[in-house]
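Listed here are the chains, written in short residue letters.
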Amino acid sequence: MTAPEGRSVGAASVTVRVVHYLNQFFAGAGGEDAAGSPPARHDGPVGPGRRLAQLLGDGFEVVATVSCGDDWAATTPGAADAIVDLAAEAAPDVVVAGPAFTSGRYGLACARVVAAAAARGLPAVASMHEDNPGLDEAGAVPVVASGPVARHMAASLDALAPAVVAVAAGQPVVEHRIGKVPRVAKLSRYNAAERAVHLLLARLHGDTAATEVPLPRFDSVTPAAPVADPGHALVALVTEGGLVPDANPDQLESARATKWLRYGFDDHGRGLAPGRYRSVHGGFSTVAANEDPNRIVPLDAARRLVDQGAIGRLHGEWLVTTGNGTSVGNARRFGVEWAGELRRLGVQAALLTAT
Amino acid sequence: MALGRETKLDGVTLVVDPAEAAGAFADPALAAVRVGWASPGEPVRLVKILDAVEPRTKGPGGGGIFPGFLGPALPQGTGTTTVVAGVAVVVAGHLPRAQEAVADMAGPAAELSPLGSTHNLVVEFTPAAGAPWEAVDAALRRGALALAARLAETALDAEPEAVATHPGAGDDDGADPSLPRVGAVTNLQTQGAFKDVFVYGSSFAGSMPYLLDANELDDGAVVSGQFGHPSLKNPTWVHQNHPVAAALRARHGTDLAFAGVIVCPEPVDQAGKALVSAAAARVAAAAGWHGAVVTKEGGGNADADMALKMDELEALGLSAVGLFAEMAGADGTGPSLVVPPERATAMASTGNYDQRLSLPAMERALGGDTLALVGRPAVDAVELPAAVLFASLSPLGWGRLTCGESVPV
């Protein structure tokens, strides 16, 4: 990607082409009744895009607006790519999404759209409130703060417009920036042991704040409500234990997994037959797992529970990845995809075995 | 380094007789070994690296170096140790559970691995038919240590380029008693065959924390048999040159008093981690320490050993700093730590496990013909994460990699 350097606001010779993403509500296509509508492209600015175009001024043109229903955007696999496909038809120099305020589905869509645009080399920026649950999905792509609700639209667009100008010029977004600030590797003059001793001396002398690594914040997960009627529930077995057919036909990674896979149970026997499967997980001794693959994917125990009536039926395949050195981003994506897929299949409960 | 007919030190060139080197690996578990070498700046890629050992000896036949392997398991750390610096004996090839480790002798990755700046005598091997893998592993370890001692023997009569004198157990260490007493707490990964570390020749799995004099590390009291986590392992070479011990020695008597190294296993269960962590903190407190640098080996669960020890040390009133490799994802936006400490929040970074690096094509490879990770010829240009570069995120603090925040466009 070549940064569009040399372009500036008001420069008559080159106009920066902006494509704006909005949900169905701000595009004027309806409320919850239209939340399932698929992406659509409109010429020129729509709704808040008109004010954004004014703020951007002469050097910019909002050439198209892409809109999509909140449900469609948040739950359809590949939604962000489909939206960026439509945006790309208008040959944008910049993709802008939002403001999404604290709207969860809209924020998720905006974050995913700018992440998908950036992954294709398109400069992008989103706007939402810092409490929006979609914020982290933007990854390293800049997001600027909006107000919490739509009556803060004017001030939110005032903050967004300079960020669009900065991104279009290949400049960092600093003002009003929210979300993750990437950790970037670099070489120090000193080795890590020397730096650790330096930190220890500082700490011994009372500086308890000094550190090179900020403490991470972890998500907390609210457990789902218990299954109301497990005796009639369809249950799936899922695992991060790396259990695959013995030849590992799809080359699941032993560490740093980038994908998940699915394999069907055969109808023979009571469980998974030893010798036909193996765990490729690189984080523990797999000897016991390979001697009895049911200890990773407990098909034998699950079929007994079905026989006893404790659970209704088993879904006929297991979902698997390797949870060893897997990035949180990939793990989160696998979780979202598993949940969506299991829900689509009508599964009411999943048994996740972890190693 | 050069291969020749007689193993000897010729000025500053270490000449190695390949037949004699191979002889160090004579063992029923090994059908054959091949010896090659690679020097800094050469377009060579080392793949499937298992361990690296620095040539050292305390006299003809070893004189007690690598206690428990070459010599009896008797306390070391006294007397004179001869070091052939800038050289490593490297064993490379396939073992079960070993995760492929890579080092380049030239290009941008060379400065990220300890082996990028050493002259490496690389030993490749063919296991004997039917030999148990554990026996192959043991034979390789004994062979590498014996060869390292043999190579150092060539320097016994040479005029040393440098001499360092370190006080030992029972000596007056010369430090002002008002200086803070600090040491290193070093966790060793102990997860069974091929993921094990040896102290005085025995697996450290199941042990309790143990206070060593750093001089014992100089004499090879800690030997690696841990082949997981290429970037997050502590090869024997790095234990011999323990970077935290070196950094503490460098400031001994200036702004701190260096008080030793507590080695700890990394148990595989949470209760074991908690017990060993509390015990390590008590050993440090009983030894009169005021602070410690805590190090680990491996990823994921090894962060828990770190965090627990740092918090236990702080709970007993000691200051603690941890060395962590960050696992922040390829774009650097993931949470850096799997298990962060709660009380002790000072951490030095050894880089990002997930950082992507572009490695240029090399002219030859040692250790194997292919990069199994990507299924390509070992000499090909390839993009890899820092995670697979040998000791590049050294948990013992060898490397200069760190991470900082950056606002990208």
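It should be emphasised that the depicted structure is a prediction, and the values quoted were computed from it without experimental measurement.

J.: Help me out: how do you make sense of the overall build of chain A in this one?
T.: Along the backbone of chain A there are nine helices and 14 strands. Projected onto the principal axes, the alpha-carbon positions of chain A cover approximately 75 × 60 × 35 Å. Of the contacts formed within chain A by residues at least 6 apart in sequence, a portion of 73% connects residues at least 24 apart.

J.: Explain the interface of chain A and chain B to me, please; I cannot follow it from the model alone.
T.: Often the size quoted for an interface is simply the accessible area lost on bringing the parts together. Tallying the contact residues gives 45 residues for chain A and 64 residues for chain B. It is helix α6 (residues 192-204) of chain A that contributes the most residues to the side of chain A that touches chain B, 11 residues altogether. Among the residues making up the side of chain A that touches chain B, the classes are represented as 25 nonpolar, 12 polar and eight charged. In terms of strand pairing, strand β8 (residues 183-187) of chain A meets strand β26 (residues 401-405) of chain B through five bridges, oriented antiparallel. Across the sheet, the residue bridging to Leu-187 of chain A is Leu-401 of chain B, located in β26 of chain B.

J.: Before we go on, may I ask you to explain the pairing of strand β4 (residues 94-97) of chain A in this structure?
T.: A regular strand places its side chains on the two faces of the sheet in alternate fashion. All names here are of chain A. Neither face of β4 is exposed, since Val-94 and Val-96 on one face and Val-95 and Ala-97 on the opposite face are all buried. Both strand β1 (residues 16-23) and β4 contribute to a ladder of four bridges, which runs parallel. If you follow Tyr-21 over to β4, its bridge partner there is Ala-97. As paired elements, β4 and strand β5 (residues 124-128) share three bridges and run parallel to each other. In the strand pairing of β5, Ala-97 is matched with Ala-126. Between the parallel elements β4 and β5, the chain passes through helix α4 (residues 104-119) in a crossover that is right-handed.

J.: Would you mind going over the sheet that holds strand β4 (residues 30-38) of chain B with me for this structure?
T.: Where strands meet in a sheet, backbone hydrogen bonds hold them as pairs that are either parallel or antiparallel. Residue and element names in this part refer to chain B. Read from one edge to the other, the open sheet built from four strands follows the order β4-β11-β9-β6, with strand pairing classed as mixed. Each edge of the open sheet is held by one strand with a lone partner, namely β4 and β6 (49-53). Here the strands of the sheet are splayed against their neighbours by 25° on average, with no regard to which way each runs. The strands that helix α2 (residues 133-153) touches are β4, β6, β9 (87-92) and β11 (119-127); relative to β9, the one it contacts most, it runs at about 165°.

J.: Honestly, the domain arrangement of chain A in this entry has me stumped. Any pointers?
T.: When the domains of chain A are assigned, the result is domain 1 (16-178) and domain 2 (230-353). In this structure, domain 1 of chain A and domain 2 of chain A have C-alpha centres spaced 37 Å apart.

J.: Could you clarify how one ought to interpret the nonpolar core in this entry?
T.: As a rule of thumb, nonpolar side chains are buried together in soluble globular proteins. Core analysis: the biggest nonpolar cluster contains 141 residues, and Ala-196 of chain A together with Leu-46, Val-89, Val-90, Val-123 and Ala-292 of chain B have the highest contact counts within it. With 11 residues, α2 of chain B is the single largest residue contributor to this core. Counting residues domain by domain, this core receives three or more from each of domain 1 (1-158) and domain 2 (173-353 + 393-409) of chain B. With residues up to four places along the chain from it excluded, the contact list for Ala-196 of chain A reads Val-244, Val-293, Val-321, Leu-323, Ala-348 and Gly-397 of chain B. The next biggest cluster of nonpolar side chains, apart from the first, holds 62 residues, and it includes Cys-68, Tyr-106, Leu-108 and Leu-160 of chain A.

J.: What exactly am I supposed to notice about α6 of chain A here?
T.: Three- or four-residue spacings in an α-helix give side chains the same orientation, since the helix completes a turn every 3.6 residues. With 13 residues, α6 of chain A should reach 18 Å at 1.5 Å per residue; the first-to-last C-alpha distance of 18 Å fits that figure. Within the sequence span of α6 of chain A, burial applies to Ala-192, Ala-193, Glu-194, Arg-195, Ala-196, Val-197, Leu-199, Leu-200 and Arg-203 of chain A. Contacts from the buried residues of α6 of chain A go to β12 (181-189), α5 (243-251), β18 (291-295), β19 (319-326), β20 (346-352) and β26 of chain B. Downstream of α6 of chain A by a residue or two, Gly-206 of chain A has a phi angle that is positive, lying close to 100°.

J.: Would you take a moment to explain the packing of helix α1 (residues 48-56) of chain A against helix α5 (residues 153-168) of chain A for this structure?
T.: In a pair of packed helices, the angle between the axes and the distance between the axes together describe the arrangement. Residues and elements named next belong to chain A. Between α1 and α5, the shortest axis-to-axis distance is 9 Å and the interhelical angle comes to 50°. When the axis of α1 is compared with that of α5, the two are oblique. Between α1 and α5 lies a crossing of right-handed hand. Contacts between α1 and α5 pair Pro-48, Arg-51, Leu-52, Leu-55 and Leu-56 from the former with Met-153, Leu-157, Asp-158, Leu-160, Ala-161, Val-164 and Val-165 from the latter. Tallied by class, the residues present in the contact of α1 with α5 amount to 10 nonpolar, no polar and two charged.

Scoring rules and cut-offs
Residues numbered from 1 in each chain as written. Chains lettered and ligands numbered in written order. Predicted model: local features only at pLDDT ≥ 70, side-chain atom pairs only at ≥ 80, totals over all residues. Helix = DSSP H or I, 4+ residues; strand = E, 2+ residues; numbered from the N terminus. Contact = placed C-beta atoms within 7 Å. Nonpolar A, V, L, I, M, F, W, Y, C, P; charged D, E, K, R; others polar. Pairing = 2+ DSSP bridges. Buried ≥ 20, exposed ≤ 12 C-beta atoms within 10 Å, placed from the backbone. Right-handed = clockwise from strand over helix to strand, strands pointing away. Axes fitted to C-alpha atoms, helices over the stretch in contact; angles between N-to-C directions. Domains from an automatic or database assignment. Core = buried A, V, L, I, M, F, W, Y, C linked by C-beta atoms within 7 Å. Expected span 1.5 Å × (residues − 1). Parallel < 35°, antiparallel > 145°, perpendicular 65-115°, else oblique. Left-handed = near helix turned anticlockwise from the far one by under 90°.

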